[in-house]
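What follows is the residue order along each chain.
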Amino acid sequence: MSSLSDRLSAGHAAFATWIAIANTYTAELVGAGGYDCVVIDTQHGGPTWDTVGPLIQALDLGRTPALVRVGGVDQVQIMRALDLGAAGVVVPMVSTVEQAQHAAQAMRYPPDGVRSFGKVRNYYGKEAAAQSLCFAMIETLEGMQNLDAIAAVDGVDGLFVGPVDLGLALGLGPVLEIHETVMDAIGEIAQACARHGKVSASASLGKDYAEALLARGVQLVVQGSDLGFVRRGVAEDVRQFQLLLAQRAEAAQ
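Residues numbered from 1 in each chain as written. Predicted model: local features only at pLDDT ≥ 70, side-chain atom pairs only at ≥ 80, totals over all residues. Heavy atoms only, no water.

## Side note on the pairing of strand E4 (residues 88-91)
Every other side chain in a regular strand lies on the same face of the sheet, so the side chains alternate between the two faces.
And then number 1: On E4, burial covers both faces: Gly88 and Val90 on one face and Val89 and Val91 on the other are all buried.
And then number 2: Bridge count for strand E3 (residues 66-69) against E4 is three bridges, and the pairing is parallel. Within E4, the residue paired with Val68 across the bridge is Val89.
And then number 3: Crossover E3 to E4 through helix H4 (residues 75-83) is right-handed.
And then number 4: Relative to strand E5 (residues 133-138), E4 is paired through four bridges, and the arrangement is parallel. The partner of Gly88 across the bridge, within E5, is Leu133. (Buried < 20%, exposed > 50% of the residue type's maximum accessible area, 1.4 Å probe, protein only. Helix = DSSP H or I, 4+ residues; strand = E, 2+ residues; numbered from the N terminus. Pairing = 2+ DSSP bridges. Right-handed = clockwise from strand over helix to strand, strands pointing away.)

Below you can see the structure in the form of structure tokens.
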């Protein structure tokens, strides 16, 4: 499998999507779709620790690296995701240097970290372990205040923006469209990543949103989800059928 770490280290833009449905068939289809990576969401999505391993295996069929968004700053969950074959983790609600360090330490075996050795799927040596990516999510006011210090933490490979939670933290409510205040904050995060040689990443809410993120220096854009694909596909199919019925009714008059 090509290394996501190598692609991002080379400075290339990357495009990803979310897995929110705990189903290996849909995961296999998404994995074959051509994304640079796919994020399995255990924080807000349907996948559980019973299904994360099979979902990663399904993505492996399409040679698509999997990142796992864990439920929080939890070393056990981070280690488990890596053991099951994840190319890295996305850690939500990182607000302090201590939380960032706690997450980063779970990524590496001693003496570089505290990761426990478990011979499951991804248990290789130092060089391979160094390819595993740790993204700290910046989505709180405290996280913004500690931005440069978090970006400087050794073992944190990138900062990942949760734009809706960040909008909530900024007092804007659940902002689901481009909002300049949120975009300005995302620009600050991307600049902090550039200063410290880290990868900037963000969830996106559509094509125009992705364009705005790239314009502000975001490198990894994560947009859409398997759940959204199904929802839109169903809505469009029903719309087409209703249109067909309407046309037939009009022709019969």
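## Describing H4
And then number 1: Burial analysis of H4 places seven of its nine residues in the buried class, the great majority of the element.
And then number 2: Of the positions making up H4, those classed as buried are Gln75, Gln77, Ile78, Met79, Ala81, Leu82 and Asp83.
And then number 3: The inward-facing, buried residues of H4 contact helix H3 (52-61), E3, E4 and helix H5 (97-105).
And then number 4: Sitting at the amino-terminal end of H4 is Asp74, which places a side-chain oxygen 2.9 Å from the backbone nitrogen of Val76. (Contact = heavy atoms within 4.5 Å. Polar contact = N/O pair within 3.5 Å; in protein donor to acceptor, adjacent residues only side chain to side chain.)

## With respect to the packing of helix H2 (residues 24-31) against H3
And then number 1: At a minimum axis distance of 7 Å, the contact between H2 and H3 shows a crossing angle of 35°. Crossing hand, H2 versus H3: right-handed. Across the interface between the two elements, Thr24, Ala27, Glu28 and Gly31 from H2 touch Pro54, Leu55, Ala58, Leu59 and Leu61 from H3.
And then number 2: When grouped by side-chain class, the residues that make up the contact of H2 with H3 number six nonpolar, two polar and one charged. (Axes fitted to C-alpha atoms, helices over the stretch in contact; angles between N-to-C directions. Left-handed = near helix turned anticlockwise from the far one by under 90°. Nonpolar A, V, L, I, M, F, W, Y, C, P; charged D, E, K, R; others polar.)

## Remarks on the side chain of Thr17
And then number 1: Among the secondary structure elements, Thr17 is positioned in strand E1 (residues 14-19).
And then number 2: Within polar-contact distance, the side chain of Thr17 engages the backbone oxygen of Gln223 at 2.8 Å.
And then number 3: Setting aside anything within four residues of it in sequence, one finds Thr17 in contact with Val30, Tyr35, Cys37, Val38, Val39, Val222, Gln223, Gly224, Ser225 and Phe229.

Distances and angles like these do not, on their own, reveal function.
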